[in-house]
Amino acid sequence: MVKDTTTLTFYGGVNEIGGNKILLHDRGTRVFFDFGMSYAMKKQFYSPPFLAPKSERSLQELGILPKIEGVYKFDPAPPTVDAVFLSHGHLDHSAYLSFIKREVPVYCGETTRTILQALSEVRRADLEFSVADINFRTFRTGKKIRVGSLEVEPFHVDHSVPGAYGFVIHTSNGAIVYTGDFRDHGAKPDMTREFIENAKKAEPVAVITEATNMTGASVSSEREVESKLHNIVAQAEGIVLAEFAYSDVDRLNSFFHIAKKTGRCMAVSLKQAYLLEALRKDKGLTVPDLNDEAVRVFRKSKKRFDKWERELLHRYDGKNKVFDVFEASKQQCRMVLALSFYDFEELVALQPAAGSCFVLSASEPFNEEMEIDYERLVNWLSHYGLPQYHVHVSGHIMPLPLKKALNEMNAKKVFPVHTDKAELFARFMRDLKGGVTLVEKCREYTL
Ligand SMILES: [Zn+2]
Ligand SMILES: [Zn+2]
């Protein structure tokens, strides 16, 4: 049935941080913007690995995967959706591609595809994340993509993962802007500026905006983070252990620069090394070179390595690149070691020297890739006498610059998503020219 109206339906990202799944319907063309996993909803029922969903039926039963006809590969009905556009590679925006019918094209940035493919190679195949046989079509910033009655223009934005985009979508009833996840205080604020300028130029009828940081907002920047980290690493007497999201390339760059300046090496995990190899091929990105002698690769103590790990180890065999915990233990004052909380068993063999410290350089618990179990973390740190520094800057824009950006875009309607503080957002933004719509999940909004 052809409809002349343009509608938006939000199947995820409503009253929660992440899980965005936004359906745009315009004259019979149906396109999803993001198709992420909802960490918050999953957490209400599951506690992996012992209590984990076994099938898509469980996820649908509990409302974690929305019931939508003709979208999923386990549904024999013909496809009812023309394309999926991904704003970026964080799993709260992309993981549930796993369930999408493989004939449906998935548009994303080159870098997003690289990240998702690298991630699928380093993780064991699992129900909720697989990009096998996905029909990826990649775009670059400013390219125009036509899908049915829609024309979609992606513009790069700054976020805590490379290859993030916002969209200007031209529909039969005016332009819609979708911010994805973005910020103006990261390593590349100019990209966000460019997106805002283009969004403004399109005179949008509606803006779908992230509104993550409505509480706990702060004023800082990636540059400031780098200078704080420098201060810590320069004073540390023993090893510096650092926890940060493995796909946060800006943060890795910050640690890498500091390690170099302080005469240390930056030691990354096999997983991060694998991603770096893949991202090095992307000429538009600045990432540490694995061949640089200040970058080393930490091999965890374990008996069995997966194929990709064995191959990676083989590539750097004999190059004085890979080392284990026993070597790390002997060179503590010359090392910044990226070590996740889930790898703290390594501390038993490492035996951190006096004057070592732990830097937590992440937050946003469910939002991105990790959720830290604070109580246990503190017990480990206390056992080994490791003080904890928290140095981080969010991947998401702060309330005041967000308000300014929305004022500039001057849309008739504003839909906040990716937030659990939508009402606060609406009150804070109550003098915007366009009204703020408090979104209800699965309800259809006509533009
Ligand atoms: Zn997100
Ligand atoms: Zn994100």
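Attention in this report is confined to the structure presented alongside it.

Conventions adopted
- Sequence order sets the numbering: in each chain, residues are counted from 1 along the sequence as written.
- Naming scheme: in the order in which they are written, chains are lettered from A and ligands are numbered from 1.
- In view of the model being predicted, local features appear only for residues whose pLDDT reaches at least 70, and side-chain atom pairs are presented and counted only at 80 or more, with totals across whole chains, interfaces and linings using the full set of residues.
- Hydrogens are left out, water is left out, and the side-chain values use all remaining heavy atoms of the structure.
- Numbering of helices and strands runs from the N terminus; a helix is a DSSP stretch of H or I covering at least four residues, while a strand is a stretch of E covering at least two.
- The quantity called the radius of gyration is restricted to C-alpha atoms. Its globule counterpart is 2.2 Å times the number of residues to the power 0.38.
- Here the term buried applies to any residue with accessible area under 20% of the maximum for its type, exposed to any over 50%, and partly exposed to those in between, with areas from a 1.4 Å probe on protein chains only.
- Contacts were defined at the residue level, with two residues in contact if any of their heavy atoms lie within 4.5 Å.
- Working definition of accessibility: Shrake-Rupley area with a 1.4 Å probe, residue cover restricted to the visible protein chains.
- Asp and Glu are treated as the negative residues and Lys and Arg as the positive ones, with His and the ends of the chain left uncounted.
- By convention, the charge on Lys lies at NZ, on Arg at CZ, on Asp at CG and on Glu at CD.
- Each metal's donors are the N, O and S atoms found within 2.8 Å of it, except that Na, K and Ca use a 3.2 Å limit; water is left out, so coordination can look incomplete.
- Note on geometry labels: four donors, all angles 85 to 135 degrees, give tetrahedral; four donors become square planar and six octahedral when opposite donors are over 155 degrees apart and every other angle is between 65 and 115; remaining cases are irregular.
- Strand pairing is defined by DSSP finding a minimum of two bridges between the two strands.
- To obtain each axis, a line is fitted to C-alpha atoms, and for helices this fit is confined to the stretch in contact; angles are then taken between N-to-C directions over 0 to 180 degrees.

**Some details on the overall build of the protein**
And then number 1: Secondary structure summary: the protein contains 14 helices and 21 strands in total.
And then number 2: Taken over the C-alpha trace, the protein has a radius of gyration of 22 Å; the compact-globule value for 447 residues is 22 Å, and the two agree within 12%.
And then number 3: The principal-axis extent of the C-alpha atoms belonging to the protein is close to 70 × 45 × 40 Å.
And then number 4: Burial status across the protein gives 58% buried among its 447 residues.
And then number 5: Intrachain contacts of the protein at a sequence separation of at least 6 include 72% that bridge at least 24 residues.
And then number 6: For the protein, the exposed surface amounts to about 19,300 Å²; the carbon and sulfur share of it is 49%.
And then number 7: For the protein, the separation between the mean place of its 59 positive charges and that of its 59 negative charges on side chains is 2 Å.

**Notes on the coordination of the zinc ion (ligand 2)**
And then number 1: Of the protein atoms, only H88 (NE2), H90 (ND1), H159 (NE2) and D181 (OD) coordinate the zinc ion (ligand 2), at distances of 2.2 to 2.4 Å.
And then number 2: Here the zinc ion (ligand 2) is ringed by four donor atoms whose angles at the metal span 89 to 170 degrees, and the overall shape comes out irregular.
And then number 3: Mapping the donors of the zinc ion (ligand 2) onto the primary sequence yields the spacing H-x1-H-x68-H-x21-D.
And then number 4: A distance of 3.3 Å spans the gap from the zinc ion (ligand 2) to the zinc ion (ligand 1), which D181 bridges by coordinating each metal.

**Observations concerning the sheet that holds strand β9 (residues 164–171)**
And then number 1: The seven strands are arranged β7-β8-β9-β10-β11-β19-β20 in an open sheet whose pairing can be described as mixed. Among the strands making up the open sheet, the edge pair consists of β7 (145–147) and β20 (435–436).
And then number 2: Bridge count between strand β10 (residues 174–178) and strand β11 (residues 206–210): three bridges; the pairing is parallel. Across the sheet, V177 pairs through a bridge with V207, a residue of β11.
And then number 3: Across the sheet, helix α5 (residues 189–201) is in contact with β8 (150–157), β9 and β10; its angle to β8 comes to roughly 150 degrees.
And then number 4: Lying on the sheet, helix α13 (residues 399–409) is in contact with β10, β11 and β19 (413–417); it crosses β11 at an angle near 165 degrees.

**A short note on the coordination of the zinc ion (ligand 1)**
And then number 1: Here the zinc ion (ligand 1) is held by D92 (OD), H93 (NE2), D181 (OD) and H418 (NE2), and the distances to it run 2.1 to 2.3 Å.
And then number 2: Relative to the metal, the four donor atoms surrounding the zinc ion (ligand 1) lie at angles of 84 to 166 degrees, and the coordination shape comes out irregular.
And then number 3: Each donor residue of the zinc ion (ligand 1) lies on the same chain, and together they follow the pattern D-H-x87-D-x236-H.
And then number 4: For H93, a relative accessible area of 0% gives the class buried.

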